[in-house]
Amino acid sequence: MRALTRASSHVLNARTRPMPTRRFSSQTQLTEQEATVRQITSILTQNDWQRLLTSSNVPKKLNPDVIRSVIHLNRAHNLTRLLSFFHWSERQMGTCQNDLKVLSLLFVVLCNCKMYGPASAIVKRMISDGNNSGFEILSAVDGCFRESDEFVCKGLVFNMLIDGYRKIGLLDEAVDLFLCDTGCEFVPSLFSCNALLRDLLKGKKMELFWKVWAKMNKMNAGGFEFDVYSYTTVIDAYFKVRNAEEGKRVFSEMGEKGCRPNVATYNVVIGGLCRVGFVDEAVELKNSMVEKGLVPDSYTYVNLIYGFSAAKRLGDVRLVLSELIGKGLKLDTVAYYALIDGFVKQGDVEEAFRVKDELVASGNQIDLVIYNTLLKGFCKSGKMEKAREVLNEIIRMGIEPNSRTYTSLIQGYCRMRKMVSAFELLDEMKKKNLVPSVFTYGVIIDGLCHCGDLRQINAILGEMITRGLKPNAIIYTNLVSTYFKKNKLQEAGKLVERMRREGITPDVSCFNSLIIGLCKAKRMDEARIYLVEMLRRGLKPNIHSFRAFILGYCMAGEMQTAGRFFNEMLNSGLVPNDVIYTSIVDGYCKEGNIAEAISKFRCMLARGILPEVQTYSVLINGLSKKLELREALGIFLELLEKGLVPDVDTYNSLITSFCKICDVDKAFQLYEEMCEKGVEPNTLTYNVLIDGFCKAGDLTEPFQLFDEMTKRGVPLDGSVYNALLSGCCKEEKLEQALELFRDMLEKGLASTLSFNTLIEFLCISNKLQEAHQLLDAMLEEQVNPNHDTYTTLINQYCKVQNMEKAKQLFLEMQQRNLKPATITYRSLLNGYNRMGNRSEVFVVFEEMLGKGIEPDNFTYYVMIDAHCKEGNVMEALKLKDLIFDKRMPISAEAYKAIIKALCKREEYSEALRLLNEMGESGFRLGFASCRTVANDFLREGVMDYAAKVLECMASFGWVSNSISLADIVKGENSGVDLDESKDLMKQTA
């Protein structure tokens, strides 16, 4: 851009000293230069002046001062000859005459004599020289006017200077000249102002446009009047910057100032209103235009067609088209394009194609722009065969497809994930010497990103860079997102660093891709680092940024942090959508904070955000898990009242909870309701119901539901079979259980749980051999047994006192790297104890402790009994104290075993103390137990202690106060058992 600031305004105010006007007389002694000027002037009066000047000594005396003096002296004579002399002098001097004083004088002289063509050429020379700023040129021109009062073309000269800059595209310089405070009476014409406004608007130099318009308004205040073209251009400018209100204001002002809008003005306003979406207002203005006697032309209707097309009101488009045809107007190609573009944007490509055919039928030529629009529409709607037909027609019509044509086709195939076809078109494009653009490569990379093909992505990226094309922020954003989806977080980070190195600033979308990926990977701290960088760059987080953090912290169970981000989002003026609210509600439900979940749900409703079914579903699920079924049903009814249809997950939550509280009838009622509403039950629905009925002891309904699953085509999985199998075993339906199990084996659905269920049932049914055979079958079917499998069999072998088999299985399970549990050891300990093999009991117990397996209270009972039977009362008492230290419950049987052992050792006082301890601990001994304890004392012949025992029992209400030792020994209850049974019933009620 040529700088116009080399000369300040005072240059223009400095008066150039007028060239002295001398009288050429014999009395005046002439200088050499004056003599040369007089000689040239004399010769110029001759017809063969060029020959005479060339053959004289004048060429040697030529210089800018001589030439300027000749022009000044002869300004009122033959200007054509004077201009020819100027060009002759340049030839003689062998260079273009760029002296500003010479050129400016010649320019003014030519303008004054209305020789505008040559004057424009001189202006162009002055501007193109590059050594003269606009201010310097204007200063030189002003000097010419100051030298002579003969020049009366100031305004015209100023206009021609501004137009000179404007016409060669130097709009900044033209505006600088227009705005300068010259201190002279240089006033541009309205035509020049309008032309400058028009070119600035066309060049989208809006800042300069408004400066020119501001000065024009100042001039207007001084009596400078605008015409219809001024107003129309300014109205157009306001609408182009989407300031419809100002555009309408200027339109109104135009009428108020007596400047009548013409059809072009109305078209500008109608077009502007249509562009900003005020189509109905545009129609009203069209009607107003007609009322004022103006006739809408095809451009008026084309604007309306564009407006209705953009608003996807194709019915109104047809009405406008009908009116246009009714008025006898013909649609030109531009109007047809508007129609075609409208139908394509609406998604009605077939109708757009029909309009194209109509255009051809009316004798109009179809250009590539229209074909590309149609092709893009077919590609966008996935109709690639139709798109191919359009391409073939383009070629058949002799039109050369361009890069946009192929890019649209490539994008269509990429959307359909047909990357082979996309690459074929890329190759075809290259063969036609059509250069793929950044957008073309971006489309292919986007397609490959959706396919997750990182190898191809890197290859096409390399090709793009080799061709000298730099990936833009959109391409990098897609790449970053893809790397995150592939869990290649390090590579994604490297891409961001590469963007920075290449000077590409990540935008909000790119940062969001990083943040979303890291949040999904639960790397929240790293995500926050990018958020900080995003803010540091002055980028504002949007709804997607906050959503990523809220969802991430909700998934991580950090609801306090999620809540902070939620509140920050609200403070930023962003409105959470239903997805964010659903995540927040779900997070609080999973945390067990149902009150806060309901609060957020109500807040969502208060903000006018309508919850989707999923929002209701997560809240119902949270309430159901807490078994707050009344509240859950309340929310469920609210969902129905909103006209929403619950999904299968909503029904499953309620059905599951009712089955948990054993209300299978209510669960089944919900099942029937969902079927009536057309909500298809899934495997989980049937599994929960079948399991619920089986646990309720009803096998009829589960098998009916099982058959219904098959009829509905609902997949049968192992969980459904296991529920039925468990039900059959519970109800002791062995044949049905075995039939189900065989079916499971055939379908490959038999799991460890299935085998364990049947093994346990066979063990309970005393079919130990068959149970063991199932373990062998399990191994043959390559179904891995677990510790439950072995423990069930070990326990049963211990019960039948086959300790050899039990020990064998115990060793086998450890060989399979299955760690025996407490219950496994307890079964072995109990088995050895019952067989009287106390030494093995103690060995197994030491092994158990050595392996760090914590005994439970029942294991301790077995060990207390073993120690007591071996007479190790002190060890038994230690174990009792250990049970108390571990805050485990102790059984009456353990107490009785120790008391019996103490009696054998004649430690009656300790035995009596333990009996009192039992009573104080809340134990209630039955009559049979009391008789056993009393006999332990009597057997040793200690009557005094036996009497104290009876007294102790009576004090705790275990026996009647009236009963005697003899009655206890004889077993005469005297009604005590009845009372005792009543008490027991009360305790178990």
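Calculation notes
- Residues numbered from 1 in each chain as written.
- Predicted model: local features only at pLDDT ≥ 70, side-chain atom pairs only at ≥ 80, totals over all residues.
- Heavy atoms only, no water.
- Helix = DSSP H or I, 4+ residues; strand = E, 2+ residues; numbered from the N terminus.
- Buried < 20%, exposed > 50% of the residue type's maximum accessible area, 1.4 Å probe, protein only.
- Contact = heavy atoms within 4.5 Å.
- Areas by Shrake-Rupley, 256 points an atom, 1.4 Å probe, with all protein chains shown as cover.
- Core = buried A, V, L, I, M, F, W, Y, C linked by side-chain atoms within 4.5 Å.
- Salt bridge = Lys/Arg side-chain N within 4 Å of Asp/Glu carboxyl O.
- Patch = residues over 30% accessible without salt bridge, like charges linked within 9 Å, V, L, I, M, F, W, Y side chains within 5 Å.
- Lys, Arg positive; Asp, Glu negative; His and termini not counted.
- Charge placed at Lys NZ, Arg CZ, Asp CG, Glu CD.
- Phe/Tyr/Trp six-rings, centres within 6.5 Å; stacked < 30°, edge-to-face > 60°.
- Lys NZ or Arg CZ within 6 Å of the ring centre and 35° of its normal.
- Polar contact = N/O pair within 3.5 Å; in protein donor to acceptor, adjacent residues only side chain to side chain.
- Axes fitted to C-alpha atoms, helices over the stretch in contact; angles between N-to-C directions.
- Parallel < 35°, antiparallel > 145°, perpendicular 65-115°, else oblique.
- Left-handed = near helix turned anticlockwise from the far one by under 90°.
- Nonpolar A, V, L, I, M, F, W, Y, C, P; charged D, E, K, R; others polar.
- Expected span 1.5 Å × (residues − 1).
- Disulfide = S-S within 2.5 Å.
- pLDDT = per-residue confidence, 0-100.

1. Observations concerning the overall build of the chain
Logical step 1: Broken down by element type, the chain carries 57 helices and 0 strands.
Logical step 2: By the burial criterion, 48% of the 989 residues in the chain qualify as buried.
Logical step 3: A sequence separation of at least 24 residues applies to 62% of the contacts in the chain between residues at least 6 apart.
Logical step 4: About 48800 Å² of surface is accessible on the chain, with carbon and sulfur atoms providing 49% of the total.

2. A closer look at the nonpolar core
Logical step 1: Core analysis: the biggest nonpolar cluster contains 313 residues, and Phe-85, Ile-655 and Leu-915 have the highest contact counts within it.
Logical step 2: Aside from chain neighbours lying at most four places away, what touches Ile-655 is Ala-667, Leu-670, Tyr-671, Met-674, Thr-685, Val-688 and Leu-689.

3. Some details on the pattern of salt bridges
Logical step 1: Evaluation of the coordinates by the stated rule reveals 36 salt bridges.
Logical step 2: The residue Arg-826 makes a salt bridge to Asp-856 at a minimum N-O spacing of 2.5 Å. Of the two residues, Arg-826 sits in helix α48 (residues 822–834) while Asp-856 sits in the loop between α49 (838–850) and α50 (857–869), which places them 30 residues apart along the sequence.
Logical step 3: Between Glu-870 and Arg-838 there is a salt bridge, with its nearest N and O atoms 3.4 Å apart.

4. Concerning unusual backbone geometry
Logical step 1: In the Ramachandran plot, Arg-242 falls in the positive-phi region, its phi being about 60° despite a non-glycine side chain.
Logical step 2: For Arg-242, the location among the structural elements is in the loop between α14 (228–240) and α15 (244–256).

5. A short note on a positive patch on the surface
Logical step 1: A surface patch of like charges, here positive, comprises Lys-312, Lys-376, Lys-380, Arg-404 and Arg-415.
Logical step 2: Looking at the positive patch, the elements with two or more residues in it are α22 (368–380) and α24 (403–415).
Logical step 3: When you line up the elements, Arg-415 lands in helix α24.
Logical step 4: Since its relative accessible area comes to 39%, Arg-415 is described here as partly exposed.

6. Points about the packing of aromatic side chains
Logical step 1: The full count for this structure, using the stated rule, is 21 aromatic pairs.
Logical step 2: Between the aromatic rings of Phe-566 and Tyr-581, the centroid separation amounts to 5.4 Å while the plane-to-plane angle is 70°, which identifies the pairing as edge-to-face. Of this pair, Phe-566 sits in helix α33 (residues 559–571) while Tyr-581 is found in helix α34 (residues 578–591), placing the two residues 15 residues apart along the sequence. Summarising the burial analysis for this pair, Phe-566 and Tyr-581 share the class buried.
Logical step 3: With 5.5 Å between their ring centres and 75° between their planes, Tyr-895 and Phe-923 make a pair best called edge-to-face. Highlighted residues: Tyr-895 in helix α52 (residues 892–904) and Phe-923 in the loop between α53 (908–920) and α54 (927–939), separated in sequence by 28 residues.
Logical step 4: Its guanidinium or amino end placed over the ring of Phe-353, Lys-386 lies 5.8 Å from that ring's centre, counting from NZ or CZ.
Logical step 5: The ring of Tyr-945 has Lys-948 lying over it, and the distance from NZ or CZ to the ring centre is 5.3 Å.

7. Re the environment of Ala-338
Logical step 1: As for its placement among the helices and strands, Ala-338 is situated in helix α20 (residues 333–346).
Logical step 2: Assessed through its relative accessible area of 0%, Ala-338 is described here as buried.
Logical step 3: Ala-338 sits 32 residues away from Tyr-306 along the chain, and the two C-alpha atoms are 5.5 Å apart.
Logical step 4: When residues no more than four places from it in sequence are discounted, the contact partners of Ala-338 are Val-302, Ile-305, Tyr-306 and Ser-309.

8. Side note on the environment of Asp-663
Logical step 1: Mapped onto the elements of the fold, Asp-663 is located in the loop between α38 (648–660) and α39 (664–676).
Logical step 2: Each C-alpha atom, one on Asp-663 and one on Gly-692, is 8.5 Å from the other, the two residues being 29 residues apart in sequence.
Logical step 3: A distance of 3.2 Å separates a polar atom in the side chain of Asp-663 from the backbone nitrogen of Lys-666.

9. Let's talk about the packing of α22 against helix α23 (residues 384–396)
Logical step 1: Relative to each other, α22 and α23 sit at 165°, their axes nearing to 8 Å. It follows from the interaxial angle that α22 and α23 lie roughly antiparallel. For the pair α22 and α23, the crossing hand works out as left-handed. Of α23, the residues touching α22 (which contributes Leu-368, Tyr-371, Leu-375, Phe-378 and Cys-379) are Met-384, Lys-386, Ala-387, Val-390, Leu-391, Glu-393 and Ile-394.
Logical step 2: Each residue belonging to the contact of α22 with α23 can be placed in one class, and the counts come to 10 nonpolar, no polar and 2 charged.

10. Examining the side chain of Asn-857
Logical step 1: Mapped onto the fold, Asn-857 is located in helix α50.
Logical step 2: Other than its neighbours up to four places away in sequence, Asn-857 contacts Met-888 and Pro-889.

11. Digging into α50
Logical step 1: For α50, which comprises 13 residues, the first-to-last C-alpha distance of 18 Å matches the rise-based estimate of 18 Å (1.5 Å per residue) to within 8%.
Logical step 2: Taken as a whole, α50 has its buried residues at Asn-857, Thr-859, Tyr-860, Tyr-861, Val-862, Met-863, Ile-864, Ala-866, His-867 and Cys-868.
Logical step 3: Turning to α50, the residues buried within the fold contact α48, α49, α51 (873–885) and α52.
Logical step 4: One or two residues past the end of α50 sits Gly-871, with phi positive at roughly 80°.

12. Topic: the state of the cysteines
Logical step 1: Going through the model one piece at a time under the given rule, you end up with 0 disulfides.
Logical step 2: No disulfide involves Cys-728; its nearest neighbouring cysteine sulfur is the one of Cys-694, lying 6.7 Å away.

13. Some points on the confidence of the model for the chain
Logical step 1: Of the residues in the chain, 89% reach a pLDDT of 70 or more, and the chain-wide mean stands at 81.
Logical step 2: This stretch, residues 1–29, has a pLDDT under 50; its non-local contacts, to residues over four places away or in other chains, come to 53 contacts.
Logical step 3: The low-confidence segment residues 974–989 (pLDDT under 50) makes 11 contacts with residues lying over four places distant or belonging to another chain.

14. Re the side chain of Asn-756
Logical step 1: The topology assignment puts Asn-756 in helix α44 (residues 752–764).
Logical step 2: If near-sequence neighbours (up to four positions away) are discounted, Asn-756 is found in contact with Met-778, Asn-786, Asp-788 and Thr-789.

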